[in-house]
Structure formats: C-alpha cells, structure tokens
Amino acid sequence: MLTVWGRANAFNVQKVMWAVGELGVAHERIDVGGAFGGLDDPAFLSRNPNGTIPVLNDGAVTVWESHAIVRYLAARYGAGGLWPEEPGARSGADLWMDWMQTTLQPDFMRLFWGYVRRPPEARDWPRLRAVLRRYGKLLGLLDRHLAAQPYLAGESFTMADIPVGTSLYRTVEMGLEGLVLPDHVAAWHERLSARGAYQDHVMIPFDEMWGREGY
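Below you will find a few notes about this structure.

Thresholds applied
- Residues numbered from 1 in each chain as written.
- Predicted model: local features only at pLDDT ≥ 70, side-chain atom pairs only at ≥ 80, totals over all residues.
- Heavy atoms only, no water.
- Phe/Tyr/Trp six-rings, centres within 6.5 Å; stacked < 30°, edge-to-face > 60°.
- Helix = DSSP H or I, 4+ residues; strand = E, 2+ residues; numbered from the N terminus.
- Buried < 20%, exposed > 50% of the residue type's maximum accessible area, 1.4 Å probe, protein only.
- Axes fitted to C-alpha atoms, helices over the stretch in contact; angles between N-to-C directions.
- Parallel < 35°, antiparallel > 145°, perpendicular 65-115°, else oblique.
- Contact = heavy atoms within 4.5 Å.

**A few points about the packing of aromatic side chains**
Applying the stated criterion to the full structure yields 12 aromatic pairs. Judged by centre distance (5.6 Å) and plane angle (45°), the ring pair of Trp18 and Phe157 falls under tilted. Separated by 139 residues along the polypeptide, Trp18 in helix α1 (residues 11-23) and Phe157 in the loop between α5 (125-146) and α6 (161-174) bring together distant segments of the chain. In this structure, Trp18 and Phe157 share a single accessibility class: buried. Between the aromatic rings of Tyr115 and Trp210, the centroid separation amounts to 5.8 Å while the plane-to-plane angle is 75°, which identifies the pairing as edge-to-face. In this pair, Tyr115 is assigned in helix α4 (residues 87-116) and Trp210 in the segment after α8 (196-201), connecting sequence segments 95 residues apart. You can call Tyr115 buried: its relative accessible area is 12%. Ring pairing ties together the aromatic residues Phe11, Phe108, Phe112, Tyr115, Trp125, Tyr135, Tyr169, Phe206 and Trp210, which thus form one cluster.

**Regarding the packing of α6 against helix α7 (residues 183-193)**
In the contact formed by α6 and α7, the axes pass within 10 Å of each other and the chain directions differ by 100°. Classified by the angle their axes make, α6 and α7 are roughly perpendicular. For the pair α6 and α7, contact is made by Asp161, Val164, Gly165, Leu168, Tyr169 and Val172 and by Val185, Trp188, His189 and Leu192, respectively.

This is how it looks when you write it as structure tokens:
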C-alpha cells in the first residue's frame, strides 16, 4: 500500500493525492507539515533530507518532489492513461508539467503568498499587480493551447493536467480582482471539476491560510 506524507491542504501534496485518487490505488496519507509539524523529525528526514512535503513510499521505492511522484505513479499504475506510452505524446505531457513548475507556478505562488497569506494591510499592491499582469499572459498562452484540444496533452486526461489543474481551484477561489480565467481555460477547469478525484483532493477550502504567513 502507498504511503504519502503531507497535509491535505498543501498545494504540492494535492497534486500527488489527485493522481492517487485518479488511479484508485490503496493508500495511507500521514499529516506532516504546517500545523502538524514533523518536517525536522529524523525519521522524516531519512525519507526526504530536504524536509519538505510530499513524500511517497511504495514498497522499496521512496520518491520526493511532487512532479516526480506524479510521474512515478502514472508510470507505475497508469500506463496508457495518466502515463502516455507513446514517447511523442508523453513528451507533450512532460513539457506542460515542466512549464507549470518553471513558468506558471512561481507567479502563482507569488500571488497566493502575496494576497492570501498576508493580511490586507500588509499586501504589496504594486508588486501584486505586476505579477498579475505576467500571470494573465501565461493564462492567455494556456488558453490558446486549449482552444485546439480538451486537455493539455491532447484528447484525454493525463498526468499533464494535474500540476496546472491543481492551481486553478485556488486561482478562482482567491477572488483577486482582475484575475479571470480565459474562456478555454475556464472550460477546461469545468471538465476537471467534474472529476471525483479533483473534488476530493483539490477542491478543499483554504480558509485557515488567509492572512497567515507562517502556517
């Protein structure tokens, strides 16, 4: 049985849990991080010396870093589904996963930490507006791609959709003025929102995070 270490409301943990949910693999999730602590516990550090979540154990295999875990799960349990077997199709999934990590996620996290995690009086609005402009352009790029196909890697849902899709719930729920999903991205988000695993593991309220930088 799989074991996942990480709290349910942690963004990177949600990517992993969504993949687990899609695959229907028996698992146990152990709360670590945030209010639960435990990241500096020697037993945890023996699994991930970085002291970060998520961490996955599957028998003799231990994996950390959320996208590496999603890829492992897709390859191990979702060949032909989450894991496109044809190399060209798989490269299409890989590139959007990497794009999320290197291009979209940094600005998403700047918005989330700068708006949600800070009290209203401490928000740096000039910086937030600059990030919002960049983020809007990236959503426009994503929108143009999704105009031609229903999912990031083509006609079917794959591991490609998980990292970017995980950010969309919070993008919408932040309610930040001027932050609007373009049409094709919004339609994609509706398709994702109809998936049970997305509802169970991503569409989780984050009320306790508002104004709490240290949570």
